[in-house]
Amino acid sequence: MMKRIFHPSILSVAMIAIAVDLAFSSALTKPIAKKEYRNVGYVFHKNCDINTLDVTKITHLNYSFGLIYNREYEALGNETNPDVIVPHDFDDSLLHTIYLSDKVESDLSRIYILKEKNPVLKILLSVGGWGCRGFSDAAASNDARKAFAQSCRKIIDRFGLDGIDLDWEYPVIGGWGSIKSRPEDKQNLTLLLKEVRKTIGNDKLLTIAGSPSVSFSNGEWIEFQNVIDLLDYINIMTYDFGNGTCYFDSALYPSKTWKTKSDHDDYNIDMAVKLYLKNGCPAEKINVGISFGASIPKVVVSNNKLWKAISKKLNTVGFFTSKDPLIKKVKDLLEDKNGFHKEWDEQAKTMYISTDLLNVRQFVMSYIEPQGLSERTKYIKDNNLGGIMFWEFGADYDNSLVSQIARELDINRLGEKP
């Protein structure tokens, strides 16, 4: 009987083939980790009740705002926005450190209530906000940067926070003259973030609220590429676009029906995100900002004849007199009621309100609602972005928008079951 002889090399090849086949089969059967998105909710202290806040549908909470002890009032005169005022008679040793109002301090001392509702929730103090003074001086020198960074560390330790969010609107431009600024802000912001990162450590979150402006991500206002590596993620404020000749507060894409008169005003979410990606920000670090509000654009308000006609109709139905959140007013008073029309812009992927005045259909305001929100969560998934940031909790009067985000992005595994 003839023996079958297996050459060693043939046996080795066979064994390798079997091993590769087993590894491939294992890879096919091994479950792929599901992407976890962020849902970052801002809470404004005036609209916040720690005891009733539902945080089960978010991943991160940005409590706003901490302010900065500063002397800017001496140069800029009296402050008209009470939300950004700090005491003028403070001890000089507090200069460039974080100031907490009584309400903010009280709420931060009770954040354990939120952690009990959502043990994995990350809570950050957001420092700044529109009109907040003191950033430029706090970033201008090594001693000032150290003082600010150390105050960040002390507040994190005191209240058991998970990090710090900086909302400087904006370096170099200074809120278009509303706060102190200097050309060196661009480099000084990088130095400030380096100092804060070194002081709070890599185990704590460091984030910023970023502008959608071309000037922000292309390096005119900040050292964009240098800043990215220091941050865990960036919340892009992809709203408040209704300036200049832009109709939509936060269009997803450009509108063909309601075009801007100037290319410089043609802002939308997709444009801002692509700028960030083009200038080196990883998709995972981008949170798309959504405003839970309704905005009447400047192009409408600046048309005196039109604005008088619209404001008269709005006053008639109580839009300005009602104390309800803006999106509730729109739903109750303007969605196909009282001479107003609810319309969908297919290009902008955004709902808006129109009315017939001066013998033509007129744009009144745009706002966020379920259909537009779904388009934005889809955009985030399609582009593999980090998640959503929204301003702010108090405006979501029935918790419906936060709940929708949680379902569609499967936040805290609250997504719709197959």
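Check the entry above for the structure.
Here we summarise the structure given alongside this text. (Residues numbered from 1 in each chain as written. Predicted model: local features only at pLDDT ≥ 70, side-chain atom pairs only at ≥ 80, totals over all residues. Heavy atoms only, no water.)

**A short note on the overall build of the chain**
Piece 1. Helix and strand counts for the chain stand at 16 helices and 13 strands.
Piece 2. With an accessible surface of roughly 20000 Å², the chain has 54% of that area assigned to carbon and sulfur atoms. (Helix = DSSP H or I, 4+ residues; strand = E, 2+ residues; numbered from the N terminus. Areas by Shrake-Rupley, 256 points an atom, 1.4 Å probe, with all protein chains shown as cover.)

**Section: the packing of helix 15 (residues 370-382) against helix 16 (residues 400-408)**
Two quantities define a packed helix pair, namely the angle between the helix axes and the distance between the axes.
Piece 1. Orientation of helix 15 relative to helix 16, taken along the N-to-C sense of each, is 35°, at an axis distance of 10 Å. Handedness of the crossing formed by helix 15 with helix 16: right-handed. Contacts between helix 15 and helix 16 involve Pro370, Leu373, Ser374, Thr377 and Lys381 from the first element and Leu401, Gln404, Ile405 and Glu408 from the second.
Piece 2. Considered class by class, the residues forming the contact of helix 15 with helix 16 number four nonpolar, three polar and two charged. (Axes fitted to C-alpha atoms, helices over the stretch in contact; angles between N-to-C directions. Left-handed = near helix turned anticlockwise from the far one by under 90°. Contact = heavy atoms within 4.5 Å. Nonpolar A, V, L, I, M, F, W, Y, C, P; charged D, E, K, R; others polar.)

**Some remarks on the packing of aromatic side chains**
Piece 1. Using the criterion set out here, one finds 28 aromatic pairs in the structure.
Piece 2. Ring geometry for Tyr247 and Trp258: centres 5.2 Å apart, planes at 55°, overall tilted. With a gap of eleven residues between them, Tyr247 in the loop between strand 7 (233-236) and helix 11 (269-278) and Trp258 in the loop between strand 7 and helix 11 connect regions that are remote in the sequence. This pair shows no difference in class: Tyr247 is buried, exactly as Trp258 is. (Phe/Tyr/Trp six-rings, centres within 6.5 Å; stacked < 30°, edge-to-face > 60°. Buried < 20%, exposed > 50% of the residue type's maximum accessible area, 1.4 Å probe, protein only.)

**Focus on the sheet that holds strand 11 (residues 350-357)**
Piece 1. Strands sit in the order 9-12-11-10 across an open sheet of four strands; the sheet is antiparallel. The strands lining the two open edges of the sheet, one partner per strand, are strand 9 (294-295) and strand 10 (340-345).
Piece 2. Bridge analysis of strand 9 against strand 12 (residues 360-367) gives two bridges, and the strand direction is antiparallel. By the bridge assignment, Ser295 is partnered in strand 12 with Ser366.
Piece 3. Of the strands in this sheet, strand 9, strand 10, strand 11 and strand 12 touch helix 14 (residues 326-334), which is tilted by about 145° from strand 12. (Pairing = 2+ DSSP bridges.)

**Remarks on the pattern of salt bridges**
Piece 1. Per the counting criterion, the structure on display carries 26 salt bridges.
Piece 2. The partner of Lys274 in a salt bridge is Asp270, with the nearest N and O atoms 3.1 Å apart. You can see Lys274 and its partner Asp270 sitting in helix 11, four residues apart, about one turn around the helix.
Piece 3. Under the relative-accessibility criterion, Asp270 is labelled buried at 10%.
Piece 4. Residue Glu343 pairs with Arg361 through a salt bridge whose shortest N-O separation is 2.6 Å. Of this pair, Glu343 sits in strand 10 while Arg361 sits in strand 12, placing them 18 residues apart in sequence.
Piece 5. Each of Lys34, Glu36, Asp410 and Arg413 takes part in salt bridges that share partners, so that together they form one network. (Salt bridge = Lys/Arg side-chain N within 4 Å of Asp/Glu carboxyl O.)

**Structural notes on the pairing of strand 5 (residues 163-167)**
Piece 1. The element strand 5 is largely enclosed, with a buried count of five among its five residues.
Piece 2. Neither face of strand 5 is exposed, since Gly163, Asp165 and Asp167 on one face and Ile164 and Leu166 on the opposite face are all buried.
Piece 3. Where strand 4 (residues 122-128) meets strand 5, five bridges bridge the pair, whose relative direction is parallel. Within the sheet, the bridge partner assigned to Val127 lies in strand 5 and is Leu166.
Piece 4. Sheet analysis places strand 5 next to strand 6 (residues 205-210), joined by four bridges and oriented parallel. Bridged to Ile164 within strand 6 is Leu206.

**Thoughts on the pairing of strand 10**
Piece 1. As defined by bridge partners, strand 10 adjoins strand 11 across six bridges and the pair is classed as antiparallel. Residue pairing for strand 11: Trp344 is matched across the bridge by Met351.
Piece 2. Linking strand 10 back to strand 11 in an antiparallel pair, the connection comprises four residues, with Lys349 at a positive phi of about 55°.

**Notes on helix 6 (residues 142-159)**
Counting along an α-helix, one turn takes 3.6 residues, and residues three or four places apart therefore face a common direction.
Piece 1. Over its 18 residues, helix 6 runs 26 Å from end to end, which matches the ideal 26 Å to within 8%, given 1.5 Å per residue.
Piece 2. The complete set of buried residues in helix 6 reads Ala144, Arg145, Phe148, Ala149, Ser151, Cys152, Ile155, Ile156 and Phe159. The arc enclosing the buried residues of helix 6, seen along the axis, measures out at 155°, which places them on a common side. Helix 6 presents Asp143, Lys154 and Arg158 as exposed residues on the side facing more than 90 degrees away from its buried surface.
Piece 3. Just downstream of helix 6, Gly160 is the residue with a positive phi angle, here 70°. (Expected span 1.5 Å × (residues − 1). Arc of directions from axis to C-beta.)

**Overview of the side chain of Thr355**
Piece 1. Its place among the elements puts Thr355 in strand 11.
Piece 2. On the accessibility criterion, Thr355 (0% relative accessible area) is buried.
Piece 3. Here Gly339 takes part through its backbone oxygen, which lies 2.8 Å from a polar atom of the side chain of Thr355. (Polar contact = N/O pair within 3.5 Å; in protein donor to acceptor, adjacent residues only side chain to side chain.)

**A closer look at the environment of Ser366**
Piece 1. Tracing the chain through its elements places Ser366 in strand 12.
Piece 2. Look at Ser366 and you get buried, because its relative accessible area is 2%.
Piece 3. As for Ser366 and Thr350, which are separated by 16 residues in sequence, their C-alpha atoms are 7.1 Å apart.
Piece 4. The residues contacting Ser366, other than those within four sequence positions of it, are Tyr247, Phe248, Asp249, Gly293, Ala294, Ser295, Thr350, Met351 and Tyr352.
Piece 5. Among the polar contacts listed, one links the side chain of Ser366 to the backbone nitrogen of Asp249, at a separation of 2.9 Å.

**A closer look at the environment of Leu314**
Piece 1. Examined against the element boundaries, Leu314 turns out to sit in helix 13 (residues 304-316).
Piece 2. With a relative accessible area of 0%, Leu314 lands in the buried category.
Piece 3. In this structure, the C-alpha to C-alpha distance between Leu314 and Gly339, residues 25 residues apart in sequence, is 9.9 Å.
Piece 4. Aside from chain neighbours lying at most four places away, what touches Leu314 is Ile296, Phe319, Phe320, Leu334 and Phe340.

**What to know about helix 15**
Piece 1. For helix 15, which comprises 13 residues, the first-to-last C-alpha distance of 18 Å matches the rise-based estimate of 18 Å (1.5 Å per residue) to within 8%.
Piece 2. Along helix 15, the positions that sit buried rather than exposed are Gly372, Leu373, Arg376, Thr377, Tyr379 and Ile380. All buried residues of helix 15 lie within an arc of 155° about the axis, which places them on one face of the element.
Piece 3. Looking at the buried positions of helix 15, the neighbouring elements they touch are helix 11, strand 8 (286-291), strand 10, strand 11, strand 13 (387-391) and helix 16.

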